[in-house]
Amino acid sequence: MPGGDAPRRPARRRATVLLLVAGPTLFFALFFGYPVAAIVGRGLHTSAGWQLGAVAEVLGRRDIRDVLWFTTWQALVSTALTLLLALPGAYVFARFAFPGKGVLRAVVTVPFVLPTVVVGSAFLAVLGRGGLLDELWGVRLDTTVWAILAAHVFFNYSVVVRTVGGLWAQLDTRQEDAARTLGASRWRAWRAVTLPALAPAVASAGLMVFLFTFTSFGIVQILGGPAYSTLEVEIYRQTAQLLDLSTAAVLTLVQLGAVVAVLALHAWVVRRGESTLRLVDPSRTARRPRGVAQWALLGGVLGVVVVLLVLPLAVLVLRAFDTPDGFGLTYFRALGSSGGGTFLVAPIAAVGNSLRYAAVATLIALVVGGLAAVALSREGGGRASRPGGGMSRLLRGFDALLMLPLGVSAVTVGFGFLIALDEPPLDLRASWILVPLAQALVGAPFVVRTMLPVLRAVDPRLRDAASVLGASPWRVWREVDLPLVRRAVLVAAGFAFAVSLGEFGATVFLARPDNPTLPVAVTRLLGRPGDLNYGQAMALSTVLMLVCVLSLLILERLRPRDLRDGGTGPSVRERSRGRGRSRAARAPGPREASARRPDAAVTVPAEGPRTKERVR
């Protein structure tokens, strides 16, 4: 009898969750925990035992303290500037309806999916030697902190606009109107009603921007020059140039501790601010700008987008075609030759290498991240999964494990691959698979964050009904979950592909000279003198940018129209009443991947958080 299986269903559900967790846990243990532990062990453990005194010794050095101070203050300033410039943009996207809004939204999103080397190349074309400012006014800002700050704001503008703007667009304006009817001024009504509702999203976006800029590598490496080093850059210098593994190990632990602290603060902020809000369709809150002030605000936001986001990319493309003989394809044709001596193969081969590596990395990330997302979506089933239960604690720890690769130095992971995976049965040092494995470590968390909200939106009663009728866990997933999350899987695949394509920190160690990736090839070209090398770097950056933009456009096409416009699907309350069931298959935006955030805990540009999963 089907009813006779009822007492066994919770135990079967727990066993299924444990099996789902086992695969991703093994993957992260082998290809993340083991390499990082090997680096730390090599640096702090000798034949005489653990040298923990090295921690105080390294942190007591003035040059290291300068690195820590610069890393912290530039991240704080970058965060403040990003919030200052992006919050007006979030308001414009949330409350205004105007022609071309969808196109502008896509333009705002483009920078975040671009690899750091493309952004570095773009800002060199504007701020560097022979750049736009140099030609017009004789001003150079490369190798200054201003170039780093500008590039960080460029990168993270969309984090704030889409995280905060997505929620802002769904806040019911009638609550603020009611406050004004009772005599409150416009400012007081916004401060008393809207600001408290937005605070969790603003805090989430700010913490994520801080985390991204605190761990910055490619931007500082390309634009900062030798005078500026973040923790990530210093770890690379100590590892690759000075071979000082002791210092690198200490800095890795410091960065990991800082990332964990930021994530813990983020989770605390989200828990304190989490509440059930009255959310409405974004189309009900957006209106045509009225009055001089609103049109001026829209014009100001458009100006910021053009100058900050569009101009660097436009100048990058322009430099790729601007040759000594006039505009032409000289630099692009030069990519087909290896005569310059920079590579063992023609630079254009990096395009094929990157596409192959990214495709394999995407497949790995989908398998690992998909299993993890399914396991996390089962949280809440059974007594042990309730808050405080053993299964709940296990899944929270598992969730935190998935985020760690986004906070640990990619340089450490890459170098750890070389020194740890060099003996049987994991002797992979000479294998091409190392690059996709390192890229998949970064892509898998984004797969989890893209799929998890959709999986949690599936009515659990559908699964229970299928189980009661005798379906195995595999068949339940195939017949119930898969049809509803198919589109989310495609979005996750596209997002993981774009992230893998631009991965640089680990790949710079792992890509062999005869198989460079696009980011590695661009960096090597920028590091060599001569107009031809510089022009080829601009051309390769343009190719890489176009591939990433194409991936983004495909993602935008896959996303349902209501999510493109800022919607987030049914609320928790709607789902519990069953009204959101038909919308469960809708995939979140490419940025609803919470980068470094547990459960939506680090929602990188989401189209707007869901009610209870808001910025979790």
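Numbering of residues starts from 1 in every chain and runs along the sequence as written. In keeping with the model being predicted, local features are shown solely for residues with a pLDDT of at least 70 and side-chain atom pairs are shown and tallied solely at 80 or more, while totals for entire chains, interfaces and linings include all residues. By convention in this description, side-chain values take in all heavy atoms of the structure and omit both hydrogens and water.

Enquirer: How do you make sense of the overall build of the chain when you look at a structure like this?
Expert: Scanning the chain from terminus to terminus reveals 25 helices and six strands. Residues classed as buried in the chain amount to 55% of the 616 residues present. Throughout, a residue-residue contact means that at least one pair of heavy atoms, one from each residue, lies within 4.5 Å. Sequence separation of at least 24 residues holds for 78% of the intrachain contacts in the chain that already meet a minimum separation of 6. Accessible surface area values rest on a Shrake-Rupley calculation with a 1.4 Å probe, where residue burial reflects the displayed protein chains alone. Accessible area of the chain: about 25,300 Å², with a carbon and sulfur share of 63%. Only DSSP runs of H or I reaching four residues or more are called helices, and only runs of E reaching two or more are called strands; each is numbered from the N terminus. Note on classification: 1.4 Å probe, protein chains only; a residue is buried when its accessible area is under 20% of the maximum for its type, exposed when over 50%, partly exposed between these limits.

Enquirer: What's the story with the environment of valine 442 in this structure? I'm lost.
Expert: The residue valine 442 is located in helix H18 (residues 434-457) in this model. Setting aside residues no more than four positions away along its own chain, valine 442 makes contact with Leu406, Val499 and Glu503.

Enquirer: Teacher, can you tell me more about the side chain of serine 377 here?
Expert: With respect to the element layout, serine 377 can be found in helix H15 (residues 349-377). Here a polar contact means two N or O atoms within 3.5 Å. Within protein one must be a hydrogen donor candidate and the other an acceptor candidate, and residues neighboring in sequence count only if both atoms are side-chain atoms. A distance of 2.7 Å separates a polar side-chain atom of serine 377 from the backbone oxygen of valine 374. Serine 377 has contacts with Leu452, Leu455, Arg456 and Arg463, leaving out every residue within four places of it along the chain.

Enquirer: Sorry, what's going on with helix H5 (residues 116-127) here?
Expert: It helps to recall that an α-helix has 3.6 residues per turn; residues three or four apart then point in one direction. Over its 12 residues, H5 extends 16 Å from the first C-alpha to the last, a length consistent with the 16 Å expected when each residue adds 1.5 Å. Of all the residues in H5, the buried ones are Val117, Val118, Val119, Gly120, Ser121, Ala122, Phe123, Leu124, Ala125, Val126 and Leu127. Under the convention used throughout, the expected extent of a helix is 1.5 Å for every residue step, that is, one less than its residue count.

Enquirer: Mind showing me how you'd approach helix H11 (residues 231-241) here?
Expert: Most of H11 is tucked away, with eight of its 11 residues classed as buried. Leucine 243, located one to two residues past H11, shows a positive phi value of around 55°.

Enquirer: I tried to follow the environment of phenylalanine 509 on my own but got confused; where do I start?
Expert: Mapped onto the fold, phenylalanine 509 is located in helix H21 (residues 507-510). Phenylalanine 509 sits 93 residues away from glycine 416 along the chain, and the two C-alpha atoms are 9.6 Å apart. Ignoring any residue separated from it by four or fewer positions in sequence, one finds phenylalanine 509 in contact with Tyr236, Thr239, Ala240, Val411, Gly414, Phe415 and Leu418.

Enquirer: Whenever I open this one, the nonpolar core confuses me. Can you help?
Expert: Soluble, globular proteins show a tendency: their nonpolar side chains are buried together. Phe27, Leu114, Tyr157, Leu223 and Phe417 are the most contacted members of the largest nonpolar core, which has 173 residues in total. When residues no more than four places from it in sequence are discounted, the contact partners of leucine 223 are Gly120, Phe123, Leu124, Asp142, Thr143, Thr144, Ala147, Ile148 and Ala151. We define the nonpolar core as a collection of buried residues of types Ala, Val, Leu, Ile, Met, Phe, Trp, Tyr and Cys that are connected through side-chain atoms lying within 4.5 Å of one another. In this structure, Ala471, Val476, Val480 and Leu484 belong to the second largest nonpolar core, which totals six residues.

Enquirer: Help me understand the packing of H15 against helix H22 (residues 518-526), please; the structure alone is not making it clear to me.
Expert: When two helices pack together, you describe them by how their axes are tilted relative to each other and by the distance separating the axes. Axis definition: a line fitted to C-alpha atoms, limited for helices to the stretch in contact. Angles are taken between N-to-C directions and run from 0 to 180 degrees. Contact geometry of H15 with H22 gives a least axis separation of 8 Å together with a crossing angle of 145°. Side by side, H15 and H22 meet where Ala350, Val351 and Ser354 of the first sit next to Leu518, Pro519 and Ala521 of the second. As a working rule, the residues Ala, Val, Leu, Ile, Met, Phe, Trp, Tyr, Cys and Pro are called nonpolar, Asp, Glu, Lys and Arg charged, and the rest polar, with Gly in that last group. Considering only residue class, the contact of H15 with H22 consists of five nonpolar, one polar and no charged.

Enquirer: I tried to follow the packing of H11 against helix H17 (residues 410-420) on my own but got confused; where do I start?
Expert: At a closest axis distance of 8 Å, the pairing of H11 and H17 adopts a crossing angle of 30°. Looking at the two axes, H11 sits roughly parallel to H17. Residue-level contacts link Glu232, Ile235, Tyr236 and Thr239 of H11 to Ala410, Val411, Thr412 and Phe415 of H17. Its residues placed into classes, the contact of H11 with H17 shows five nonpolar, two polar and one charged. Roughly parallel here means an angle under 35 degrees, roughly antiparallel means over 145, roughly perpendicular means 65 to 115, and every remaining angle is called oblique.

Enquirer: Explain the packing of aromatic side chains to me, please; I cannot follow it from the model alone.
Expert: Here a ring pair, both rings aromatic, is described through the centre-centre distance and the interplanar angle of the planes. Each pair of aromatic rings taken from Phe, Tyr and Trp, with Trp reduced to its six-membered ring, is defined by centres within 6.5 Å and is described as stacked if the planes are under 30 degrees apart, edge-to-face if over 60, and tilted in the remaining cases. This model, assessed by the stated rule, comprises 17 aromatic pairs. Measuring from centroid to centroid gives 5.7 Å for phenylalanine 27 and phenylalanine 28, while their planes differ by 85°, and the two rings are edge-to-face. You'll find phenylalanine 27 and phenylalanine 28 in the same group, each marked buried. Each ring, one from phenylalanine 123 and one from phenylalanine 154, has its centre 5.4 Å from the other, and the planes form 85°; the classification is edge-to-face. With a gap of 31 residues between them, phenylalanine 123 in helix H5 and phenylalanine 154 in helix H7 (residues 145-168) connect regions that are remote in the sequence. For the pair phenylalanine 123 and phenylalanine 154, a shared accessibility class is recorded, and that class is buried. Joined through ring pairs, the aromatic side chains of Tyr91, Phe96, Trp168, Trp187 and Trp190 make up one cluster.

Enquirer: Help me understand unusual backbone geometry in this model?
Expert: Phi is mostly negative for residues that are not glycine, and the peptide bonds are mostly trans. At threonine 143, a position not held by glycine, the phi torsion is positive, near 60°. Checked against the element boundaries, threonine 143 lands in the loop between helix H6 (132-137) and H7. Among the residues examined, threonine 143 registers a relative accessible area of 43% and is labelled partly exposed. In this structure, leucine 243 is a non-glycine residue whose phi angle is positive, near 55°. If you trace the backbone, leucine 243 turns up in the loop between H11 and helix H12 (245-273).

No statement about biological role is implied by the geometric values presented.
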